[in-house]
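Listed here are the chains, written in short residue letters.
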Amino acid sequence: KAGVTQTPRYLIKTRGQQVTLSCSPISGHRSVSWYQQTPGQGLQFLFEYFSETQRNKGNFPGRFSGRQFSNSRSEMNVSTLELGDSALYLCASSFGQAGNTIYFGEGSWLTVV
Amino acid sequence: GNSVTQMEGPVTLSEEAFLTINCTYTATGYPSLFWYVQYPGEGLQLLLKATKADDKGSNKGFEATYRKETTSFHLEKGSVQVSDSAVYFCALSDQRGEYGNKLVFGAGTILRVKS
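Draft legend 1. Inspection of the sheet that holds strand 8 (residues 74-78) of chain A at higher detail. Residues and elements named next belong to chain A. Ordered by their spatial adjacency, four strands build an open sheet running 1-3-8-7, and the pairing between neighbours is antiparallel. Bordering the open sheet on either side are strand 1 (5-7) and strand 7 (64-68), each of which pairs with just one other strand. Within the sheet, the average angular offset between the axes of one strand and its neighbour, ignoring direction, is 20°. Bridge count between strand 3 (residues 19-24) and strand 8: five bridges; the pairing is antiparallel. Its bridge partner lying in strand 8, V19 is registered against V78.

Draft legend 2. Representation of the pattern of salt bridges within the structure. All names here are of chain A. Evaluated as defined, the whole model comprises eight salt bridges over all chains. The shortest N-O distance in the salt bridge between D85 and R63 comes to 2.8 Å. Residue D85 is found in the loop between strand 8 and strand 9 (87-94), and its partner R63 is found in the loop between strand 6 (53-57) and strand 7; the two are separated by 22 residues along the sequence. This pair shows no difference in class: D85 is buried, exactly as R63 is.

Draft legend 3. Local environment of the interface of chain B and chain A. Taken together, the contacts link 22 residues of chain B with 22 residues of chain A. Across the interface of chain B and chain A, roughly 1800 Å² is buried in total on both sides, 52% from carbon and sulfur atoms. It is B:L44, B:N101 and B:K102 that lose the most area in chain B upon contact with chain A, and together they represent 32% of the buried surface on that side. Where chain B touches chain A, the interface holds four residue pairs in polar contact (both at pLDDT 80 or more). For the side of chain B that touches chain A, the secondary-structure elements that each account for two or more residues are strand 5 (32-38), strand 6 (44-50), strand 10 (86-93) and strand 11 (103-105) of chain B.

Draft legend 4. Local environment of the state of the cysteines. Summed over all chains, the structure comprises two disulfides over all chains. Disulfide partner of A:C23: A:C91, at an S-S distance of 1.8 Å. Linking A:C23 and A:C91, the disulfide has an S-S dihedral of approximately -65° and is accordingly described as left-handed. Of the two residues, A:C23 sits in strand 3 while A:C91 sits in strand 9, which places them 68 residues apart along the sequence. For the pair shown, A:C23 and A:C91 are each scored as buried. At a sulfur-sulfur separation of 1.9 Å, the disulfide partner of B:C23 is B:C90. One quick way to see it: the torsion about the S-S bond of B:C23 and B:C90 is about -70°, and its sign makes the bridge left-handed.

Draft legend 5. Region of the structure containing the pairing of strand 5 (residues 42-50) of chain A. Residue and element names in this part refer to chain A. Here strand 5 lies mainly inside the structure; eight of its nine residues are buried. By the bridge criterion, eight bridges tie strand 4 (residues 31-38) to strand 5 in an arrangement that is antiparallel. Each residue of the ladder has a partner; that of Q36, found in strand 5, is Q44. Where strand 4 hands over to strand 5, the hairpin turn is made up of three residues, counted between the paired strands. Across four bridges, strand 5 lies against strand 6 in antiparallel orientation. Bridge assignment links E48 to a residue of strand 6, and that residue is N56. Counted between consecutive antiparallel strands, the loop separating strand 5 from strand 6 contains two residues, among which S51 sits at a positive phi close to 50°.

Conventions we followed
- Residues numbered from 1 in each chain as written.
- Chains lettered and ligands numbered in written order.
- Predicted model: local features only at pLDDT ≥ 70, side-chain atom pairs only at ≥ 80, totals over all residues.
- Heavy atoms only, no water.
- Pairing = 2+ DSSP bridges.
- Helix = DSSP H or I, 4+ residues; strand = E, 2+ residues; numbered from the N terminus.
- Axes fitted to C-alpha atoms, helices over the stretch in contact; angles between N-to-C directions.
- Salt bridge = Lys/Arg side-chain N within 4 Å of Asp/Glu carboxyl O.
- Buried < 20%, exposed > 50% of the residue type's maximum accessible area, 1.4 Å probe, protein only.
- Contact = heavy atoms within 4.5 Å.
- Buried area = accessible area lost by both parts, 1.4 Å probe.
- Polar contact = N/O pair within 3.5 Å; in protein donor to acceptor, adjacent residues only side chain to side chain.
- Disulfide = S-S within 2.5 Å.

Written out as structure tokens, the structure is:
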């Protein structure tokens, strides 16, 4: 059974640019969530999508957005990149019920220069 | 709001030593509790979970018991190996449906095992 797949794994962007990250969940999972991991702030929840609807949102500025497609695949977008956006972005999937186990992908390493 | 507090690291042990990483939580209701492990350069892997009080999660020699009375979920292993060197995260997931399915993480504890 394939796990959560994220692309690209590594990318470097310039301040002011935008970036799109992609995530394919485990087959059958309808919930996809995104987390940002930095040395200073640790693991922080960005948002969760379930059946193409944003169900929950963390405390991030509007530059961070996402969407989910009918096949449960998800993308997240960060516009007007700042140096502080450099982080590991982790996608996770689950069946979507409260308390279900959440499985993570390998992450996308974003460096903003 | 919900929160998770882990013991600060790094924790440095010799091979075959006993490991305890403390984790306490604050939550409304009865959350599910998890331990995740992150090896260098990788994402998070689920190590074990417990969904109700007195449940014991176990995997690969690691164990943790959900203690409602002390709001704790301490991770233990009887004999660590060099390959256990990683960052360990304690996390909770609110059981209530209106919060969807999200995790609240502790800060993580770095474990270094020396041979």
